[in-house]
Each structure stands twice: as C-alpha cells, then as structure tokens.
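# Structural overview for review
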Amino acid sequence: MDPLPLRARLYVIAVGALALPLLAFAIVRGWSSISVVDLAFLAVLYVISDSIGAKGSRDTVTIALGSVSAMAALPLLGGWGAIVLACSTAFANDSRPLVKRFFNTSQLVLAAAASALAFTLLGGKAISDDSFPYLILPFCVALAVHCFVNGALVSGIVHFAADVPLRHVWHGTIAKSVSGYVGYGLFGLLLAVLWSPRGAAVGPAAALLVLLPLFVARWAYAQYAEQQDAYDRTVRTLIAAVETKDLYTRGHSERVAAASVLIARQIGMREDRVASLRYAGMLHDIGKLGVPTRVLQKTSKLTEAEYAAVKLHPVRGLEMIREIEFLGEAFAGIMHHHERLDGLGYPMGLRGAQIPEFARAIAVADAFDSMTTTRSYRGARTAAQALEELRRCAGSQFDPSMVEALVAALADTVWQDQSEALFDQTAPEWDDAYEQLPRAQFDHDDPRASETHVPSQSSAQ
Amino acid sequence: MTGLRARPDGGLSGQFVVSAAAALLAVIAVVVTASPHGLIRADVAFAFGAFIALGELARITLPGGRDAAPIATAGALAYALLTQFEQQSMRHGALQVVAVVAVAMLVGVTPHVVAGRAPSADTLARRLLAVGFAVGVFRATGLGDLVRDSKGFVEALVMVAIVAATLAVDAIIAAAVRAGTDGAPFAAVLRNEARAQVGIGSAIGATGALIALAASIMGIWALPVFVIPLLLTQFSFRRYAAIRATSLQTIRSLSRVTELGGYTESGHSRRVSELSVAVGRELGMSDAELLDLEYAALMHDIGQLSLTEPIPGGATVVAAPAEQRRIAGLGADVIRQTGVLDGVATIVERQAEPYRRAHQGDDLAVPLASRIIKAVNAYDDLVGESGSVERQRDALERLRLGMAYEYDPRVVDSMAKAIERSARLTA
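Now for a description of the structure that goes with this document. (Residues numbered from 1 in each chain as written. Chains lettered and ligands numbered in written order. Predicted model: local features only at pLDDT ≥ 70, side-chain atom pairs only at ≥ 80, totals over all residues. Heavy atoms only, no water.)

### Examining the overall build of chain A
Quick note on the threshold: A run of H or I in DSSP becomes a helix once it reaches four residues, and a run of E becomes a strand once it reaches two; helices and strands are each numbered from the N terminus. Per-residue accessibility, obtained with a 1.4 Å probe over protein chains only, is compared with the maximum for each type, and a residue is labelled buried under 20%, exposed over 50%, and partly exposed between these values. A contact between two residues is defined here by any heavy atoms of the two lying within 4.5 Å. Working definition of accessibility: Shrake-Rupley area with a 1.4 Å probe, residue cover restricted to the visible protein chains.
The helix and strand inventory of chain A stands at 20 helices and zero strands. Residues counted as buried form 54% of the 461 residues belonging to chain A. Looking at chain A alone, contacts between residues at least 24 apart form 69% of all its contacts between residues at least 6 apart. A total of about 20,400 Å² of accessible surface is found on chain A, and carbon and sulfur atoms cover 61% of it.

Okay, structure coming up:
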C-alpha cells in the first residue's frame, strides 16, 4: 500500500493530538463513577462490532454496527464512560495498518466526546423510572452529533489520503451509511433500557437479544448485495453471448455502458439514475437480434428496405425487455438512442429536448465506441479523432452538452484505447477464421452511417 | 377472496380450513372483548392496534413470493407478551389480544384491498392463529403472571422460548397449506418454510420480545423508537426481493433471444420453466434448487445461439443425441462465464444425458433438475403451443416409452400429475 501523503499524516496527528488528552482527562475525571463490569461488556461488544465492520469495510451497514455500543454507553456509563469506551476500538482484531487504527480510535474518541457533550447539555441522564420520553431528544441529538463528527473526520482522511473532493466523499460513502448508522444507534438506546438495572434489568444478556435483529439486517443486506452482483454478472455475460452473433459488436455494449456512465457522472446525474443508465447502455442494442443476421453481416451497401429493418432495432429491443420493471427510465434510453437532435433520427424522429436525456447520452457513447473500434471498411480512429468527429456532429446529431461531457470526462480518465485492444482479438493475420467471415460494409452506430441515410434535402442543414 | 375457495373435487382445502378457524377465533374474541368491562387498558390496546395496522399497511413480499408483515407481526407478538407497561401490570386476557390483533389487521389490510392488492386470506389467518398460540401459552395458562414478578433475565428467556415456538407453529401451518396447493411432500415444504423463517422470523421474534420488555420502562415510546430498526431490516429484504424479481424478469426476457433469433418456438422457454418448476416442487425440491431449476430451464436453449443454422422449429428433441449434447455444452459454457451460476450451468450441461445407460444403474451424475428439464423440454417440443388434450396424451405416452433410458420415470410421473393439476385449475 502507498504511504500516506504528508497532508494526511499531519491530519492524523492533529486528530490524535486532540483525542489523546481528552481521553486521559476522561479517564481521570470519570473513573470513579463508571461501572467497570458494564464498561467491560460494552467494550467487548464494541470490539466485536468494529472487527466485523473492518472485515467487510465496503459494506456500509457493518460500519454502523459499532454505533450500538457507542450510543448505549451514554445512558449506561455516562459521558466520561462513553469517551473511555471509544478507546477500546484500538484493540479491534483487524489487519489494518497501525496508523489507520490510531486514526480510527482517535476519531471515535472525538465523536464520543462531542455526542457526550450534546447529551449532557440537553439533560440526558442514566436510565430511571421517568426517563421516557425525556431521554429521547438528548439521545437522538447525541446520535446525530456522533454520526456527523464521525462522518466529517472520516471524510477528511479520505480527502487528504486519496485526494478525493470532500463533497464527493460525503455524498458517496458517508451519506449512504447515515440511515444505517442512525438505525443502529437507536438500538443503542434499546440496549441501555434493557440492560440497565433500573430499566428492564435483563443485564448484559440483553446484548444478544438486541444483536439478533442487527445481524439479520446485516445478513439480508449482504444477500441483497450478493444478488445485485450476481445480477450484474449475469446480464453482462448474457449480453456477451448475444454479441457473438454480430462480429462487430464484441464488448460494444459493455463499453457503451461505461462511456454513458462517464458522461452521466460528468453532468452530475444522481447515482440511482446513473445505475439505470448503465443498464440502458448495456442493453441498448439487444433488439439487433431481431434484425436478420443476413442484413447485419451484409458485405455490400444496404438497400433502403434493409436499412429500415435495422432502424427497427430500438423498438424490438424495448419489446424484448419491457417486462423488466425496474429499468424504468432506461426504456426511453434504449428506445430513442438513435434519435438525432435535428429530428432526422429514428425510430420516432424526436427533436432536441424531446429526446430523453438517457438517449442523448447513449447516442454519444454509442457513436464514440463505434468510431474507436476497427471496422472492415475503416480502421479504428483514436479517441481524439473520434471526439473531433463527435464535435463536428454536435448540434445536428448529438447533444453538444453530452459531447462536451464526454470530452471532459475522458480528459480525467484513461480510456483503454480500443483500436489496440480489439486489434489483438480480431487481427486478421492472427485469426484465419475471422478472415473468412463476411464483412459488413456498414456499422449502424457510425455517425457517417446516419448521415448517408438521412434524406438528401436535409443534409445541407 | 382468493383463499376462501373449496377445492373443486369437493374436499376442503387447507387454505379454507385455516381461514375458517382464524375467522371463528376472531369473532369469538371480538364478541367477548366487546362486552362491558371486557377491554382492559383501552389506551394501550389502541396504541398497539394502531401499530399493528400500520405494520400491516407496510406489508412486504419476501423473496420466493411469501407475504409478510414483519412490523405487524412483531407488534402483535409484543402485545401478546406484554406484562408491564410503564411499570404497571398489564392483565389483559388472551382473547383481548386476539381481538385487538384481528381488528388491527383488518384495518391495515383495507387500503390494500381497496387498491386491489389484497393478500391471500390464509396468510392473514395464519398470522392470527400464530398469535393465538402465543397468547394461549403465555397468558391463558398464567405463565405471564408468573414471570411478571421474576427477574428480567428469566422473563426474557421465557419470552424468547415462546416466540420461537410461535414461529415454528406459523411455519407448520404455512407448510400444511402450501403442501395442499402445490401437491408437494409436507416435509419438503416445511423445510422450505422453516428456512424462509429463520432470517426475517428471528428478527421479528426478537423485536417483539424486545418491545414487550422495553415497554415496561418506556411505555408507548418503545413502539415508535424501535420500529425504525425493524424498518431497516424490512428495507433490506424488500431490496433483496426486488433484485431477485429483477433477475428473474431479466433472465426471462433474455431467454427469449433464442425465440427472436428464430432458434426456438415462441414461448418455449417460458413454458418449459413453468412446468419444470411445478414438477420440481412436486418432487420436493428446496426453494434454492427450484430457483436454479427455473434459471436453467429458462436458459436451456441458449447454446443454440452459437449455431449458424437454426434447428427446424427449435425442437432439440429431433436433433441427434451428440448434437443435443454439444448444444447443451455450449450453453453451459456461456452460463458458466457469469462466475455466479455454476449450479445452473451444470444443470444445463447435463440436460441432454440419459438418466441411466444400458446395464448400469441410475446415473447419479445427472442432477434431478437436468432430468426434469430433459423430460419437460421433450414434452413441450412435442406438444408445442397447441395444448390440445390428445397431443398432451400422445406426448406423455412417447415420454413413457423412453423411460427405460432417456426419461426418469419419477419425473415423468410427477409431470403427468402437474399437468393434470394445471388442467384442473384452468377448467
């Protein structure tokens, strides 16, 4: 692993320098009032949750598990106790480097201190007969503070270590885990109520009862994530299988999906829509199965009738996948990905803003990938040439904002140059079988194909 | 209501028996509770009732198509196990719990009925009977009064035991009903129900016990505070169910590529998958096996995509055995590339194998799912879309002739039963 940049190291030291004295003070100040048995049990619980969290660190739900014990400590141990408890995470059984562990524990101490302050200021006390509803407000505020301080400090380290803009860290990972964090934090209150001798007096065994729903939630989430992953792989593979029918399009759908996502992120599309757009990109040409193979692999120029058959593929594609309910907005993207801004595209001849956003993004990604891969009637163009061509056609065929988004996104990203990648797979001298296959003279995704087939009176525009 | 129909052959269906029993119990409970001085602590009853009604409103469909209302069930269990409320003893009777739960469920379900999404009556009935069991053990026997004054730890232990027993009863009733409708062996269905319960069921049960324990201190606040964590669980399950449904829809859609490409007859893969699952259920396969079977059946012809010339009508049954095996192998290769569907790939790969060879016993390397797909695929190739009774009979007869080596007799038997059942349902 790369060593941390200097800025990140300074940040870690600063956080530690705040946390350590605070911790020492809390130990001295609070030691006499903390129940050692409760502290020990909570610490074990905290360490276990934190160890689990560290293993599946990609899983946002597990990150939140530790908030159960952190929050239960406030009513059970009091503010000082909660701060002392936070240092137990230093003993979590994980393989993270020492510096990460140090930072993690320091930031949890600070978060605990901030939440303890909020809890105490709002009148939060240990559980007693008349705790409710008066305890709920201080507890919830303390939870929000804990969540915020924790999230802010973690965003900081990601920002300094990986050089990701703060806004992106916050929206990307932190915002997603907030709901889990808050939900599990509330379990902390339940745990305290059940545990406390002045509550339901179940004792430390209450932790088992409280943890069960937690683990079920975690398990359900893991199952969901696993299924989502399986789904993605399945769709990709099946599309790859379908693409074997059409020699030009090997890997095409996958790359169009990737380029569409680049465009979408550049124009700041919401993440759930980006996910949907990715599927749309993946499935955009699925309707080509309904176009006779004879036409797809034809070696001479297409007749108008044959071109009409090709033009049906977006509609065919939509028909095929209409049953997949969740695609929603993706349907429009698939249906209209060959529309042109000037209204001369197909299947419906939509114009300008009438064309759905998804379709405008896919159209650009689609043409870009077509141009940067080898066709028998021309070699692959470089990304720069393709972008120039896209700019030339912006305004007539393509939405200029989408074209510019792709240009900007590619400036930030390393796009694997397909002219070389595909050459390896299909280079004629390597693959005799390929040599004997019929070569179509035409790729329907090539912007020039669209121009040659546009009615003549309009090409002067 | 869909669940309240007696079987066409005149016997009483399990759904009917369960629904009738629950309705009877509910009516008795409501009549007794509605009598003067029948309702104890109306405020608490109302609060829990409202909670259960809301939970019923937020009903979800679990993966595998099971209806569940986790929040309502947890609320009902909590009310059943409630011994103290804000440190005052709760002495409401067993029948009061049943009455409150029944009324709340009806209220919560009404919007669904109005919107045309009524859950089947037997799932509601089953939940009410399970609550009836819990209060029967806990409140009617005086066990609740006994633990009220004991230590918190003992009380928690008793509650956990009762919740576990209640979930078991619920699974048994569900299995009995389902075994009747699917014609599947009771033990296999019970195993499926129990497995489906373990996850969400334990979360529901634990939450129910937790609320009952916490309400002794927190009173009514236990409900709004602790519904949030269970909502989170429910949310994960909902997303899980959604992605499962999406996977199935996608594979169903993409399985039609062979039809669009002119390789197979239209609707073939869909029909094969439906009949295969019915046969698999009849043979007592688990939910996980059934899902693999369904995927494999949908994609069983995907190997044909790599053929240059389609087989006439797509009927693999007329192709030479070696060619059938080659196509199956090609399909399996495609599916195996996903990296997550190895089980499905194996099923597809073996679908062209005979279940036994001359002078040898049953070939255990051919999975049951492959045998089912082999037989059902042949049947559908022979019958096609027509579905006329004569063609069905001829096709089955032809499969029976092939039972010595090609088609597993158990599969053909179950298939005949499944076809007969679906004919009865449509009649």
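That covers the picture; the talk isn't over yet.
### What about the interface of chain A and chain B?
As a reminder of what qualifies: In this description, buried area is defined as the sum, over both parts, of the accessible area (probe of 1.4 Å) that is lost when the two are combined. A side-chain nitrogen of Lys or Arg and a carboxyl oxygen of Asp or Glu constitute a salt bridge if their distance falls within 4 Å. In protein, a polar contact means a hydrogen-donor-capable atom and an acceptor-capable atom, both N or O and within 3.5 Å, with residues adjacent in sequence counting only if both atoms are side-chain atoms; elsewhere, any N or O pair within 3.5 Å suffices. Only Asp, Glu, Lys and Arg are considered charged, only Ala, Val, Leu, Ile, Met, Phe, Trp, Tyr, Cys and Pro nonpolar, and every remaining residue, Gly among them, polar.
Each partner contributes to the interface: chain A provides 56 residues, whereas chain B provides 55 residues. Here chain A and chain B share an interface that buries about 4,900 Å² over both sides, 75% of which is from carbon and sulfur atoms. Seen at the junction of chain A and chain B, the total is zero salt bridges. Taken together, chain A and chain B are joined by three residue pairs in polar contact (both at pLDDT 80 or more). For the side of chain A that touches chain B, the elements supplying multiple residues, two or more each, are helix 7 (166-195), helix 8 (206-243) and helix 13 (313-321) of chain A. Per element, the largest residue contribution to the side of chain A that touches chain B is 22 residues, and it comes from helix 8 of chain A. Class assignment of the residues belonging to the side of chain A that touches chain B gives a composition of 37 nonpolar, eleven polar and eight charged.

### Some words on the nonpolar core
Rule in force here: Within this scheme, the nonpolar core is defined by two criteria: the residues are buried Ala, Val, Leu, Ile, Met, Phe, Trp, Tyr or Cys, and they are joined through side-chain atoms within 4.5 Å.
In this structure, Leu42(A), Leu191(A), Leu194(A) and Phe48(B) are the most contacted members of the largest nonpolar core, which totals 142 residues. If one sorts the elements of this core by residue count, helix 4 (residues 67-86) of chain A sits on top with 13 residues. Filtering out sequence-adjacent residues up to four positions away, Leu42(A) remains in contact with Ser69(A), Ala72(A), Ala73(A), Leu76(A), Leu77(A), Leu85(A), Leu191(A) and Trp195(A). Within the second largest apolar cluster, 101 residues are counted, among which are Val261(A), Leu262(A), Met282(A) and Ile373(B).

### What to know about the packing of helix 6 (residues 136-162) of chain A against helix 7 of chain A
Residues and elements named next belong to chain A. How we decide: Convention adopted: a line fitted to C-alpha atoms gives each axis, helices being fitted over their contacting stretch, and angles between N-to-C directions are expressed from 0 to 180 degrees. An angle counts as roughly parallel when it lies under 35 degrees, as roughly antiparallel when it exceeds 145, as roughly perpendicular when it falls between 65 and 115, and as oblique in every other case. Left-handed is the label given to a crossing in which the near helix is rotated counterclockwise from the far helix by less than a right angle, and right-handed is the label when the rotation is clockwise.
Two elements in contact, helix 6 and helix 7, have axes separated by 9 Å at closest approach and are oriented at 150°. By the criterion of interaxial angle, the relationship of helix 6 to helix 7 is roughly antiparallel. Between helix 6 and helix 7 lies a crossing whose hand is right-handed. Among the residues making up the contact of helix 6 with helix 7, the classes are represented as 17 nonpolar, eight polar and no charged.

### Quick word on the pattern of salt bridges
Two side chains of opposite charge can pair, provided their charged atoms sit close to one another. Scanning all chains against the criterion turns up 34 salt bridges over all chains. Across the salt bridge formed by Arg360(A) and Asp399(A), the nearest N and O atoms sit 2.7 Å from each other. Taken together, the residues Arg360(A) in helix 15 (residues 357-372) and Asp399(A) in the loop between helix 16 (383-393) and helix 17 (400-412) connect sequence positions 39 residues apart. Grouping residues by exposure puts Arg360(A) and Asp399(A) together as buried. Note that Arg326(B) is salt-bridged to Glu323(B), the shortest N-O span being 3.4 Å.

### Structural notes on the side chain of Thr166(B)
Residue and element names in this part refer to chain B. Tracing the sequence through the fold places Thr166 in helix 7 (residues 152-182). A polar contact of 2.7 Å, which involves the side chain of Thr166, links it to the backbone oxygen of Ile162. Dropping the residues within four chain positions of it, Thr166 is found in contact with Leu77, Ala130, Phe133 and Ala134.

### Some details on the environment of Tyr295(B)
On the secondary structure map, Tyr295(B) appears in helix 12 (residues 287-298). When its relative accessible area of 6% is taken as the criterion, Tyr295(B) is described as buried. Sequence-wise, Tyr295(B) and Val277(B) are 18 residues apart; in three dimensions their C-alpha atoms are separated by 9.9 Å. Sequence-distant contacts of Tyr295(B), that is, excluding residues within four places in its chain, are made with Gln227(A), Arg244(B), Ser247(B), Leu248(B), Ile251(B), Leu341(B) and Val344(B).

### Things to note about helix 3 (residues 70-81) of chain B
All names here are of chain B. Note the threshold: Residue count minus one, scaled by 1.5 Å, sets the expected span of a helix.
Here helix 3 spans 16 Å end to end across twelve residues, near enough to the 16 Å set by a 1.5 Å rise per residue. Counting buried positions over the twelve residues of helix 3 gives twelve, a clear majority of the element. Turning to helix 3, its buried residues are Pro70, Ile71, Ala72, Thr73, Ala74, Gly75, Ala76, Leu77, Ala78, Tyr79, Ala80 and Leu81.

### A few points about the side chain of Asp38(A)
Residues and elements named next belong to chain A. Put simply, the test is: We treat Lys and Arg as the positive residues and Asp and Glu as the negative residues; His and chain ends play no part in the count.
Within the fold, Asp38 resides in helix 2 (residues 36-55). Here Asp38 sits buried without a salt bridge, and the closest side chain of opposite charge, Arg198, lies 8.8 Å off (N-O distance). Discounting residues that sit within four places of it in the chain, Asp38 has contacts with Leu77 and Trp195.

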